[in-house]
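In case you want the letters, here they are:
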Amino acid sequence: MAHGKWETVLGTLGKATRLKIPLELQNLSLQFGVATWKRDTADPQNKEVLLQYSHGSPTNYLEGRMQFHSRDFSLEILNTSRQDGQLYEYATRKGQQERVWQILLEVYEPVSPPSIEVLSRALANGSCRLTLNCSAERGDSIAYSWAGTPPRLCARNGSLLQLSFPQHGADPSCSCRASNPVSSLLATFRPSGCSQRPPGPAPPAPFASSSSSSSSSSSSSSSSSSSSSSSSFLLPQ
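Residues numbered from 1 in each chain as written. Predicted model: local features only at pLDDT ≥ 70, side-chain atom pairs only at ≥ 80, totals over all residues. Heavy atoms only, no water.

> Explain the sheet that holds strand β2 (residues 17-19) to me, using residue names and the numbers behind them.
Taking strand neighbours across the sheet as the criterion, the three strands line up as β2-β7-β6 in an open arrangement whose pairing is antiparallel. At either margin of the open sheet sits one strand with a lone partner, and together these are β2 and β6 (66-69). Recorded for the sheet is a direction-independent mean angle of 20° between the axes of neighbouring strands. As paired strands, β2 and strand β7 (residues 74-77) are joined by three bridges and run antiparallel to one another. Its bridge partner lying in β7, R18 is registered against E76. (Pairing = 2+ DSSP bridges. Helix = DSSP H or I, 4+ residues; strand = E, 2+ residues; numbered from the N terminus. Axes fitted to C-alpha atoms, helices over the stretch in contact; angles between N-to-C directions.)

> Hey, could you go over the nonpolar core for me, with residue numbers and the actual values?
Within the largest apolar cluster, 23 residues are counted, with the highest numbers of intra-cluster contacts made by W37 and Y88. Of all the secondary-structure elements, those providing two or more residues to this core are α1 (23-32), β3 (34-40), β4 (47-54), β6, β7, β8 (87-94) and β9 (97-108). Looking at which element gives the most residues to this core, the answer is β9, with four residues. Counting residues in each nonpolar core, the second largest holds 20 residues, with V118, L161, C176 and A187 among its members. (Core = buried A, V, L, I, M, F, W, Y, C linked by side-chain atoms within 4.5 Å. Buried < 20%, exposed > 50% of the residue type's maximum accessible area, 1.4 Å probe, protein only.)

> Any chance you could break down the pattern of salt bridges for me, citing the residues and the numbers?
Summed over all chains, the structure comprises eight salt bridges. With a closest N to O distance of 2.9 Å, R39 and D84 form a salt bridge. Note that R39 is positioned in strand β3 and D84 in the loop between β7 and β8, a separation of 45 residues in sequence. You can call R39 buried: its relative accessible area is 6%. Given a relative accessible area of 2%, D84 falls into the buried group. For the salt bridge of D84 with R65, the shortest nitrogen-to-oxygen distance reads 3.6 Å. Placement of the pair is D84 in the loop between β7 and β8 and R65 in the loop between β5 (57-60) and β6, with a sequence separation of 19 residues. (Salt bridge = Lys/Arg side-chain N within 4 Å of Asp/Glu carboxyl O.)

> Lay out the environment of C154 with the relevant residues and their values.
One can find C154 in helix α2 (residues 151-154). Given the relative accessible area of 0%, C154 is considered buried. Sequence-wise, C154 and C176 are 22 residues apart; in three dimensions their C-alpha atoms are separated by 9.1 Å.

> Tell me about α1, residues and numbers included.
Note: α-helices contain 3.6 residues per turn, so residues at a spacing of three or four share the same orientation. Of the positions making up α1, those classed as buried are L25, Q26, L28, S29 and F32. Mapping the buried residues of α1 onto a view down its axis gives an arc of 165°, with all of them on the same face. Turned more than 90 degrees from where α1 packs its buried face, L23, L30 and Q31 sit exposed. In this structure, the buried residues of α1 make contact with β3, β8 and β9. Positive phi appears at G33, one or two residues downstream of α1, with a value of about 85°. (Arc of directions from axis to C-beta. Contact = heavy atoms within 4.5 Å.)

And the structure:
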């Protein structure tokens, strides 16, 4: 990795990602009048020049794929791909003076709506015992967690949840959250005792999270909104 100050920005696959530089560097760029955006390539000895800026005139070498914003010298990737996950470098210089800012872009596919499957069901001594599995078909680095009512029964980490509750008591309501660094969706399971009738679908909950840096906040706000879809439930025959 090249030397210089740097930060990590999270990008969502298929969405726009904006790479921003600090205000101090923006002011220097206006003063110096010359700047360059580059990124790493497969060859560690070479860098790909994306954009050159000279005294108010930008030259964009990836027109249609990237957009330069001269107001704040940021670079926007219009349709983020996995290949865009690279180390980016912004540099402004005047004479022998040069200031560099680096951004490591990590690209994630957002999670798809999760589904909850009943793996096993048993009725013993007046108690209903269920084993549930939560899964999402798509998404990178997915983490699963459970919550609901009552909390002591539903609170778990991981995709599996084992429930045991009185057959004629109040049924629990447990929700599984499938999440990764750029998205989060929710599915809810409400059993009807130990009956074979599957519950109705539950809509996923929207993702809301604070980002780790000012640049990742911009990236996340423009690229990581989750779509709503119904979740499905599978019951063994």
